[in-house]
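Residues per chain, in single letters:
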Amino acid sequence: MPFGYPYPAYPMPTDKMVPPTPSGAVLPPTGGLQTGVNVPGQLPIEQSYIENILRLNLGKMATIYMTYENNSQWNAKIFKGKLEAAGRDHIIISDPATGMRFLLLMVNLDYITFDEELQYLYPYSGGVGPRR
């Protein structure tokens, strides 16, 4: 699976054809990116992109915009706090003034803003970000 995408890719024609492998089979490394490989100091390739970006920016202040459909009290809500943790399906922030922690579900996430520059690594370029 090229570039760490979790979806199978269509085979590219080559001079040397490789016989098809059964679904779920493990292929030997070919020198490209591999899913499921954890390199020290890098985030796992198979994780979602939003999760990776958030993990690279732990400790920064974030404003998180959420929408809760079919909620009679409030449909949309804004959370502000220090980014503590992020997983595939959740974000944890804390309010520095009160110490209150919020566990927010990604399913309700609209977008996130930060007041400072973000750390960001391109997953397909060996970790090299944009040049300015």
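What comes next concerns the included structure.

Focus on the packing of aromatic side chains
Reasoning step 1: Tallied over the entire structure, the rule returns three aromatic pairs.
Reasoning step 2: Their ring planes at 15° and their centres at 4.3 Å tell us that Tyr65 and Tyr111 sit as a pair that is stacked. A residue pair is termed long-range when its members are at least 10 positions apart, and Tyr65 in strand β1 (residues 61–67) and Tyr111 in strand β5 (residues 109–114) qualify at 46 residues.
Reasoning step 3: Between the aromatic rings of Tyr68 and Trp74, the centroid separation amounts to 4.8 Å while the plane-to-plane angle is 85°, which identifies the pairing as edge-to-face.

Observations regarding the nonpolar core
Reasoning step 1: By size, the foremost hydrophobic cluster in this structure holds 14 residues, and its most contacted members are Leu54, Ile64, Met66, Phe79, Ile91, Ile93 and Leu104.
Reasoning step 2: Secondary structure elements with two or more residues in this core: β1, β2 (76–86), β3 (90–94) and β5.
Reasoning step 3: Dropping the residues within four chain positions of it, Ile91 is found in contact with Leu54, Ile64, Leu83, Ala85, Ala86, Phe102, Leu103, Leu104, Met106, Leu109 and Ile112.

Let's talk about unusual backbone geometry
Reasoning step 1: Of note in this structure, Asn70 is not a glycine but carries a positive phi near 60°.
Reasoning step 2: Mapped onto the elements, Asn70 comes out in the loop between β1 and β2.
Reasoning step 3: Here Asn70 falls in the exposed class, since its relative accessible area comes to 80%.

Re the sheet that holds β5
Reasoning step 1: Strand order in this open sheet of five strands is β4-β3-β2-β1-β5, and the pairing throughout is antiparallel. In this open sheet, the two strands that pair with only one neighbour each are β4 (101–105) and β5. On average, adjacent strands in this sheet sit at an angle of 45° to one another, irrespective of strand direction.
Reasoning step 2: In this sheet, β5 lies alongside β1 in antiparallel orientation, the contact comprising five bridges. The residue bridging Ile64 from the neighbouring strand is Ile112, located in β5.
Reasoning step 3: On top of the sheet, helix α1 (residues 49–56) reaches β2, β3 and β5; it is set at about 65° to β2, its chief contact.

Calculation rules
Residues numbered from 1 in each chain as written. Predicted model: local features only at pLDDT ≥ 70, side-chain atom pairs only at ≥ 80, totals over all residues. Heavy atoms only, no water. Phe/Tyr/Trp six-rings, centres within 6.5 Å; stacked < 30°, edge-to-face > 60°. Helix = DSSP H or I, 4+ residues; strand = E, 2+ residues; numbered from the N terminus. Core = buried A, V, L, I, M, F, W, Y, C linked by side-chain atoms within 4.5 Å. Buried < 20%, exposed > 50% of the residue type's maximum accessible area, 1.4 Å probe, protein only. Contact = heavy atoms within 4.5 Å. Pairing = 2+ DSSP bridges. Axes fitted to C-alpha atoms, helices over the stretch in contact; angles between N-to-C directions.

Distances and angles like these do not, on their own, reveal function.
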